[in-house]
Amino acid sequence: MSYFSHLECSVPCGRPALDPRDPHHLCACGAPLFARYDLVRARTWSRDSLKGREPTMWRYRELMPLFDDEEPVTLGEGFTPLLRARTLGARLGLDRLYIKDESLNPTNSFKARGLSAAITRAVSLGAKTIALPTAGNAGNAAAAYSAAAGLACEVFIPRDAKRPFIDECRLYGAHVTLVDGLITDAGRLAAERGRPLGWYDVSTLKEPYRIEGKKTMAYELAEQMDWRWPDWIVYPTGGGTGLIGMWKAFEEIERIGWVAPQRRPRMVSVQAEGCAPIVRAHQQGTEKTAPWEGAATLADGLRVPSPIGDVLILRALRESGGAAIAVSDTSMVDAMLAIGTDEGVSAAPEGGAALVAIERLVAAGSIKPSDSVVLFNTGGALKYLDVIT
Ligand SMILES: *Cc1c(COP(=O)(O)O)cnc(C)c1O
């Protein structure tokens, strides 16, 4: 049974709840919207009911944005393995280092989760054309889920994006517009072109449902770790959808009683030295980020100079007692090789970045040898193999 009830401002600004049977993008105050559930009634939903369900993120459908008369648009996303990284762990002196391997999602990254949820709702809302700006992976996932749903897809991608990202959009029949500039410029163009044509915009956090897809990473961690939280979650952060989503999910999971009251994980945002607005704001102790000028990094997913969910990301870092760390592009590439060589896991530069951050936190004495640490490998290496040659 679905407990999905309404949408409300993520801040919250105090405006009245919105009906999810109508299309909504941002709150009138400009902040992202959150999907909300009847968590009081959801306390009767037992985690034992998960046994025997499909190993996808939709196994948590009661607390997903899906009404009882609807079916998800799915390609088998989610329920990715939580691997024990023994060799890397031994090297770092960590007994409990895990890799949440998101590279095994459809289209090779965790963007599949967000787009599966967003396009599921778009179908219910009667959308015909999906549109989005992307650094690469989100466009690939949007193109694939649009194809699965029988919708048209318009992708706006920086001209300097890597070839495999551009080609894969076309593989799924999307129409690709190459944009001179960054993802922010691509976003402006997508909105301008789409507004008169009624395109359904699935830009990060500009609609409420990509977060709901990504929050399932926290549900899976809880289930895979036998209903305990790890001590640390290390998350390569661009727009921060997954970090915001997991922080939201911790609260949902606690409120329905699936995890006994305990310290929540410390959240670590990892960014690139060439684009680190969250790291800078966290260090300065500000509520919001200032736009990062001249954003440059080979980790496309981290090239987000002005994350729209900055307030929510920074709040989660603070409330969790976490950290924010910027790493160099060369160290990310070395770490991709280390993850591949030691563990046989295909890591995107973003996954490599997470390993570099863990090394730093161990060296600084923040992460203790007995701590449990989850490295989010947010995507696979295949579309970036040129960086290791
Ligand atoms: C998009 C992306 C990220 C950043 O994800 P957010 O949740 O938007 O911060 C990290 N890694 C990869 C591989 C990505 O594609």
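Anyway, here's the lowdown on the structure attached to this text. Given the structure is predicted, the values throughout are model-derived calculations rather than measurements.

A separate point is the overall build of the protein. Tallying secondary structure elements over the protein gives 11 helices and 12 strands in all. Here the protein has a C-alpha radius of gyration of 19 Å; the compact-globule value for 389 residues is 21 Å, and the two agree. Projected onto its principal axes, the C-alpha positions of the protein cover 55 × 50 × 40 Å. For the protein, the residues scored as buried account for 60% of the 389 residues in total.

Let us now look at the nonpolar core. Ranked by internal contacts, the top residues of the largest apolar core, which has 93 residues, are Leu63, Met246 and Trp258. Excluding residues within four positions of it along the chain, Met246 makes contact with Lys214, Lys215, Met217, Ala218, Ile233, Tyr235, Met267 and Phe376. Counting residues in hydrophobic clusters, the runner-up holds 31 residues, among them Leu302, Ala323, Val327 and Val373.

Turning our attention to the sheet that holds strand β7 (residues 175–179). Strand order in the open sheet formed by four strands is β7-β6-β5-β8, with parallel pairing between adjacent strands. Pairing within the sheet leaves two strands with one partner each, and these edge strands are β7 and β8 (200–201). Examined bridge by bridge, strand β5 (residues 129–133) and β8 share two bridges and lie parallel to one another. Of the residues in β8, the one forming a bridge with Ile130 is Tyr200.

A word on the site of the ligand. By nearness alone, 16 residues border the ligand, and Lys111, Tyr235, Gly238, Gly240 and Thr378 come closest of all. Gly240 places a main-chain nitrogen or oxygen 2.6 Å from an oxygen atom of the ligand. Note that an oxygen atom of the ligand is positioned 3.1 Å from one of the backbone N or O atoms of Thr241. For the ligand, the protein covers 96% of the area, taking 380 Å² as the surface of the free molecule.

Throughout the structure, instances matching the rule amount to 28 salt bridges. Overlapping salt bridges, with partners in common, bring together Arg21, Asp69, Glu70 and Arg121 in one network.

Attention now moves to the pairing of strand β6 (residues 152–158). Burial runs high along β6: six of the seven residues are buried. The pairing of β5 with β6 spans five bridges and is classified as parallel. Residue pairing across strands places Thr129 opposite Ala152, the latter belonging to β6. Remark: the β5/helix α3 (residues 137–149)/β6 crossover connection has right-handed handedness. Both β6 and β7 contribute to a ladder of five bridges, which runs parallel.

So, on to the packing of aromatic side chains. Enumeration over the complete set of coordinates arrives at 12 aromatic pairs. Ring centres 6.2 Å apart and planes at 45 degrees place the aromatic pair Phe156 and Trp199 in the tilted group. Of this pair, Phe156 sits in strand β6 while Trp199 sits in the loop between α5 (183–194) and β8, and the two are 43 residues apart along the sequence. In this structure Phe156 comes out as buried when scored by relative accessible area, which is 0%. On the numbers, 5.4 Å between centres and 80 degrees between planes, the contact of Phe165 with Tyr384 is edge-to-face. Remark: Tyr384 occurs in the segment after β12 (372–377) and Phe165 occurs in helix α4 (residues 163–171); sequence separation between them is 219 residues. Residue class for Phe165 comes out buried when judged on its relative accessible area of 0%. A relative accessible area of 1% means that Tyr384 is categorised as buried. Among the aromatic residues, ring-to-ring pairing joins Phe4, Tyr37, Phe67 and Tyr209 into one connected group. Sitting over the face of the ring of Phe67, Arg21 holds its NZ or CZ atom 3.8 Å from the ring centroid.

Reading guide: rules and limits
- Residues numbered from 1 in each chain as written.
- Predicted model: local features only at pLDDT ≥ 70, side-chain atom pairs only at ≥ 80, totals over all residues.
- Heavy atoms only, no water.
- Helix = DSSP H or I, 4+ residues; strand = E, 2+ residues; numbered from the N terminus.
- Rg over C-alpha atoms; globule rule 2.2 N^0.38 Å.
- Buried < 20%, exposed > 50% of the residue type's maximum accessible area, 1.4 Å probe, protein only.
- Core = buried A, V, L, I, M, F, W, Y, C linked by side-chain atoms within 4.5 Å.
- Contact = heavy atoms within 4.5 Å.
- Pairing = 2+ DSSP bridges.
- Near = heavy atom within 4 Å.
- Polar contact = N/O pair within 3.5 Å; in protein donor to acceptor, adjacent residues only side chain to side chain.
- Areas by Shrake-Rupley, 256 points an atom, 1.4 Å probe, with all protein chains shown as cover.
- Salt bridge = Lys/Arg side-chain N within 4 Å of Asp/Glu carboxyl O.
- Right-handed = clockwise from strand over helix to strand, strands pointing away.
- Phe/Tyr/Trp six-rings, centres within 6.5 Å; stacked < 30°, edge-to-face > 60°.
- Lys NZ or Arg CZ within 6 Å of the ring centre and 35° of its normal.

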